[in-house]
Amino acid sequence: MVRMVRFCLAVRNVPGVSERDREIRGELRVEEGDAMNDLSRYHQPVGKLFARAIAAEDREKYRLSEEQVEFFRENGYLKGVRILSDEQVDVLRGELEKLMDPGHVGRELFHEYHSNESTDSNRVVFHALGAWRVMPGFHDLLWNPAFLVPASQLLGGAVRFWHDQLFCKPARHGGVVAWHQDYSYWTRTTPLAHLTCWIGLDDSTRENGCLNYVPGSHKWPDLPKPVLTGEMDAIRDSLPNELREKFAPVAIELKKGESAFHHARTMHGSGANDTPKPRRATVINVFRDGVMSNADEPLLAGVPVIPRGNAMGGQFFPLLFDAAAIRKADPSLRSG
Ligand SMILES: O=C(O)CCC(=O)C(=O)O
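Rules of the game
- Residues numbered from 1 in each chain as written.
- Predicted model: local features only at pLDDT ≥ 70, side-chain atom pairs only at ≥ 80, totals over all residues.
- Helix = DSSP H or I, 4+ residues; strand = E, 2+ residues; numbered from the N terminus.
- Buried ≥ 20, exposed ≤ 12 C-beta atoms within 10 Å, placed from the backbone.
- Contact = placed C-beta atoms within 7 Å.
- Pairing = 2+ DSSP bridges.
- Axes fitted to C-alpha atoms, helices over the stretch in contact; angles between N-to-C directions.
- Core = buried A, V, L, I, M, F, W, Y, C linked by C-beta atoms within 7 Å.
- Near = placed C-beta within 6 Å.
- Expected span 1.5 Å × (residues − 1).
- Arc of directions from axis to C-beta.

Trainee: Explain the overall build of the protein chain to me, using residue names and the numbers behind them.
Mentor: Secondary structure assignment for the protein chain yields 10 helices and 14 strands. For the protein chain, the residues scored as buried account for 45% of the 336 residues in total. Sequence-distant contacts in the protein chain: of pairs separated by 6 or more residues, those separated by 24 or more amount to 80%.

Put into structure tokens, the structure is as follows:
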């Protein structure tokens, strides 16, 4: 009972939730002037924006086919998996608009917040880590079964949260994201058992700076880490000849609400946005449960140290989904 009361209070304290959000969620009430509420304390959904999918047959509809899993293994990516309905996209866009205001009260909870991370003074890339701590929609997205079931299949095990990211390229002067492998920024966690899910909040096209992948590059060695929003081709130009010959990118055009999953070694990057509309995306980064800290310093700004060699966990790195534990609890459940 005590727990229940505390949970309700926490939900009511969520800042920046509109009438519309409340209507969709069916349960949230916000009170003016409440203190900041860090949603990372809640390791379950706080609203009703997404399905819960407790029963195995509910989860079944989100499962990837064998062909999709095989495609991922072979190419290091998988595109076109629907994660959000149009209505869910609208809610997240509304939350994003508030978060992009640098004066937003939740700003202090972000691990990183760059209103413009582009190194090109004529371009803008908004990039931030930590939206799940601030907004209920971005928080609950982590427990969306449309994401968790495929993520569990592609990781081959239980799914633990690493961090989220927002990448937004405004209309007409959106900047590039340079070619890179995600793991080049993440060697402070080990071993490599990481997965990225990129989710479009707009239709993404070649013209507005969609993601591009180099198929098969997840089998390449670890490459140096470039400046993320710097020179697009910095890494490409430094590749040895045998890899440069294999550098054959494909453009990943997606509808809003669709996602692309990629392996942490897959080379990817995205071009500029010169179109009259923004290109916004949210990204969820996860790893297989058991991945450990590889550093004796905070792994993200503002989180306590997890000593090197200790498994990732705690308030900021929740276990999101464990199909084996669900099956163990009820052996009649087949799927994950
Ligand atoms: O959204 C983008 O353009 C880049 C995303 C990215 O680099 C990533 O998800 O790792």
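Trainee: Tell me about the sheet that holds strand 11 (residues 268-270), residues and numbers included.
Mentor: Pairing in this open sheet of four strands is antiparallel, and the strands run 5-11-8-9 from one edge to the other. Two strands close off the open sheet at either side, each with one partner strand: strand 5 (177-180) and strand 9 (250-252). Averaged over all adjacent pairs, the angle separating strand axes in this sheet is 25 degrees, with direction ignored. For strand 8 (residues 211-213) and strand 9, the ladder comprises three bridges, and the chain directions are antiparallel. In the strand pairing of strand 9, Leu211 is matched with Ile252.

Trainee: Quick rundown of the environment of Arg41? Include the residues and the values.
Mentor: With respect to the helices and strands, the residue Arg41 is situated in the loop between helix 2 (19-25) and helix 3 (56-60). Separated by 273 residues in the primary sequence, Arg41 and Gly314 place their C-alpha atoms 9.6 Å from one another.

Trainee: Can you lay out the nonpolar core for me, pointing to particular residues and giving the numbers?
Mentor: Of all hydrophobic cores here, the largest spans 84 residues; its most connected members are Ala151, Phe261 and Val286. In terms of residue count, the dominant contributor to this core is helix 7 (residues 145-155) (seven residues). In contact with Ala151, other than residues within four places in its own chain, are Val159, Leu195, Cys197 and Val286.

Trainee: Give a detailed account of the site of the ligand, specifying residues and quantitative values.
Mentor: Close to the ligand lie Phe167, Val177, Asp182, Thr196, Trp198, Leu211, His268, Ser270, Ala281 and Val283, which account for all nearby residues. Among the elements of the structure, strand 7 (194-200), strand 11 and strand 12 (279-288) are those that each provide at least two residues to the shell around the ligand.

Trainee: Give a description of the environment of Gly76 that names residues and reports values.
Mentor: Within the secondary structure, Gly76 sits in the loop between helix 4 (66-75) and strand 1 (77-82). Measuring from C-alpha to C-alpha, the distance between Gly76 and His262 comes to 5.8 Å, with 186 residues separating the pair along the chain. Apart from residues lying up to four places away in sequence, Gly76 is in contact with Pro215, Gly216, Ser217, His218, His262, His263, Arg265 and Thr266.

Trainee: Tell me about the pairing of strand 4 (residues 159-169), and please be specific about residues and values.
Mentor: Extensive coverage of strand 4 is indicated by the burial of 10 of its 11 residues. Strand direction decides the pairing type here: strand 4 and strand 14 (residues 319-321), joined by two bridges, are antiparallel. Opposite Arg160, over in strand 14, you have Leu319 as the bridge partner. Where strand 4 meets strand 12, 10 bridges bridge the pair, whose relative direction is antiparallel. Across the sheet, residue Leu166 finds its bridge partner in strand 12, namely Thr282.

Trainee: I'd like a description of the pairing of strand 3 (residues 126-129), backed by residues and values.
Mentor: A two-sided burial pattern is seen for strand 3, the buried positions comprising Phe126 and Ala128 on one face and His127 and Leu129 on the other. By the bridge criterion, three bridges tie strand 2 (residues 112-114) to strand 3 in an arrangement that is antiparallel. Of the residues in strand 3, the one forming a bridge with His114 is His127. Of the pairings in the sheet, the one linking strand 3 to strand 4 comprises three bridges and is antiparallel in character. Paired with Phe126 across the strands is Cys168, a residue of strand 4.

Trainee: Describe helix 5 (residues 86-99), naming the residues involved and giving the relevant values.
Mentor: With 14 residues, helix 5 extends 20 Å from end C-alpha to end C-alpha; this agrees with the ideal 20 Å at 1.5 Å per step. Among all positions of helix 5, only Gln88, Val89, Val91, Leu92, Glu95, Leu96 and Leu99 are buried. Across the axial projection of helix 5, the buried residues extend over an arc of 160 degrees, all falling on one side. Facing away from the buried surface of helix 5 by more than 90 degrees, the exposed residues are Asp86, Glu87 and Glu97.

Trainee: Describe the environment of Ser118, listing the residues and the values that go with them.
Mentor: For Ser118, the location among the structural elements is in the loop between strand 2 and strand 3. Judged by local crowding, Ser118 falls into the buried class, with 22 C-beta atoms found within 10 Å. Along the sequence, Ser118 and Lys169 sit 51 residues apart, while their C-alpha atoms lie 9.9 Å from each other.

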